[in-house]
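The residues making up each chain are set out below.
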Amino acid sequence: DVTGKTVNLNGDKNIVVKVSAADGIRPNGGTYALTSGGRFTDANVTLAAGAPDWVDGVSVNSDGEIVLHIKPKGFALIVC
């Protein structure tokens, strides 16, 4: 748990993101940046086994931040 803390990772590190369904809380969908000021690459970041079914995956955005992808909650109506 590094919430509200600064963590420096020097050198080539591999990060495994573990996600659990704490207290039954589920975000509504979309993406959530888990880090800021990062210089990560997709090659260094993976999702741990056992993530809840609402987690779609984890990636690294163009700013080098680790991003968690959440499946949408419920149904989406698209009108064309």
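Rules behind the numbers
- Residues numbered from 1 in each chain as written.
- Predicted model: local features only at pLDDT ≥ 70, side-chain atom pairs only at ≥ 80, totals over all residues.
- Heavy atoms only, no water.
- Helix = DSSP H or I, 4+ residues; strand = E, 2+ residues; numbered from the N terminus.
- Contact = heavy atoms within 4.5 Å.
- Areas by Shrake-Rupley, 256 points an atom, 1.4 Å probe, with all protein chains shown as cover.
- Core = buried A, V, L, I, M, F, W, Y, C linked by side-chain atoms within 4.5 Å.
- Buried < 20%, exposed > 50% of the residue type's maximum accessible area, 1.4 Å probe, protein only.
- Pairing = 2+ DSSP bridges.
- Axes fitted to C-alpha atoms, helices over the stretch in contact; angles between N-to-C directions.
- pLDDT = per-residue confidence, 0-100.

**Topic: the overall build of the chain**
- What the chain contains, in helices and strands, is 0 helices and 5 strands.
- Of the regular secondary structure in the chain, the N- to C-terminal order runs β-β-β-β-β.
- Contacts spanning at least 24 positions in sequence make up 68% of the contacts within the chain whose residues lie at least 6 apart.
- Approximately 6200 Å² of the chain is accessible, and the part contributed by carbon and sulfur atoms is 51%.

**Thoughts on the nonpolar core**
- Formed by Ile15, Val17, Val19, Val45, Trp54, Val55, Val58, Val60, Ile66, Leu68 and Ile70, the largest nonpolar core amounts to 11 residues.
- Among the secondary structure elements, those contributing two or more residues to this core are strand E1 (15–17), strand E4 (55–60) and strand E5 (66–70).
- Beyond its immediate chain neighbours, meaning those up to four positions away, Leu68 contacts Val19, Gly30, Thr31, Tyr32, Leu34, Val55 and Gly57.

**Notes on the sheet that holds E4**
- The strand order across the open sheet built from 3 strands is E2-E5-E4, with neighbouring strands paired in antiparallel fashion. Because the sheet does not close on itself, it has two edges, and the strands there are strand E2 (30–33) and E4. On average, adjacent strands in this sheet sit at an angle of 25° to one another, irrespective of strand direction.
- As paired strands, E2 and E5 are joined by 4 bridges and run antiparallel to one another. Bridge pairing in E5 links Tyr32 to Leu68.

**So, the side chain of Glu65**
- Note on placement: Glu65 falls in the loop between E4 and E5.
- Using a relative accessible area of 17% as the deciding quantity, one classes Glu65 as buried.
- The residues contacting Glu65, other than those within four sequence positions of it, are Ala33, Thr35, Ser36, Gly37, Gly38, Ser59 and Val60.

**Concerning the environment of Asp56**
- Counting through the fold element by element, Asp56 comes out in strand E4.
- By relative accessible area, which is 55% here, Asp56 ends up exposed.
- Sequence-distant contacts of Asp56, that is, excluding residues within four places in its chain, are made with His69, Ile70 and Lys71.

**Description of the confidence of the model for the chain**
- Per-residue confidence for the chain gives a mean pLDDT of 80, with 82% of residues at or over 70.
- Per-element mean pLDDT across the chain ranges from 85 in E1 up to 92 in E4.

**Points about the pairing of E4**
- Note that E4 and E5 share 5 bridges and pair antiparallel. Among the inter-strand pairings, Ser59 is bridged to a residue of E5, identified as Val67.
- In this structure, the hairpin formed by E4 and E5 is closed by a connection of 5 residues, where Gly64 is found at a positive phi of approximately 80°.

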